[in-house]
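# Descriptive structure summary
Listed below, chain by chain, are the residues.
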Amino acid sequence: MPGTAWQLAREIVWAQRSKLVLGLALLFIDRAAGFVMPIAPKILLDKVIGQSRADLLPWLAAAVVAAALVQAVAAFALSRVLGLSSELVVLGWRRRIMARITRLPASWLDQQQTGSLLSRVMDDAAAMQNLVGAQLARWISNLVTALAAFVALLWIDWKMTLI
């Protein structure tokens, strides 16, 4: 039975792959824009103040504002794309469950507790919504962000990173 559930989950995720790929792209854009904020103080202290390059200040401020705007737009678009995808998954999941329940014999349904059956149907649908919604994309994005941060730390000072 676990193989069947895994196959069903894979099938449902595969059906939403275009929206998930778009969601991942939006997450990567969001994370890339998020790297501007930690870099900005370094540039401010090293270049603008340390090297007296006041001409860089408007560009730095524009980069910070642009990064914040990109993050806001990406977060909004991401919530819309993954929200729609997860709603479609839940709709399909509930249709499958309803079709299966309606084929069950009435005697079996009489033996089951209504609350238990309803709870199982709702919990399974919520789990699939979380999987296809934000959780899968965020997990992959967090993994890529951690790897990018590790590579950046290696590039900055590999000895200190490995200690």
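My aim in this report is to walk through the structure given alongside it, one point at a time. (Residues numbered from 1 in each chain as written. Predicted model: local features only at pLDDT ≥ 70, side-chain atom pairs only at ≥ 80, totals over all residues. Heavy atoms only, no water.)

## Description of the packing of helix α2 (residues 17–34) against helix α3 (residues 36–49)
Taken N-terminus to C-terminus, the directions of α2 and α3 make an angle of 15 degrees; their axes are 5 Å apart at the nearest point. Comparing their axes, α3 and α2 come out roughly parallel. Each of Ala32, Ala33 and Gly34 in α2 lies in contact with α3, whose residues at this interface are Val36, Met37 and Pro38. Of the residues in the contact of α2 with α3, the class split is five nonpolar, one polar and no charged. (Axes fitted to C-alpha atoms, helices over the stretch in contact; angles between N-to-C directions. Helix = DSSP H or I, 4+ residues; strand = E, 2+ residues; numbered from the N terminus. Parallel < 35°, antiparallel > 145°, perpendicular 65-115°, else oblique. Contact = heavy atoms within 4.5 Å. Nonpolar A, V, L, I, M, F, W, Y, C, P; charged D, E, K, R; others polar.)

## Structural notes on the packing of α3 against helix α4 (residues 57–103)
One can describe the packing of α3 onto α4 by two numbers: an axis separation of 10 Å at closest approach and a directional angle of 175 degrees. The orientation of α3 with respect to α4, classified from their angle, is roughly antiparallel. Across the interface between the two elements, Val36, Met37, Ala40, Ile43, Leu44 and Val48 of α3 pack against Leu57, Leu60, Ala63, Val64, Ala67, Ala68 and Gln71 of α4. Residues belonging to the contact of α3 with α4 are distributed by class as follows: twelve nonpolar, one polar and no charged.

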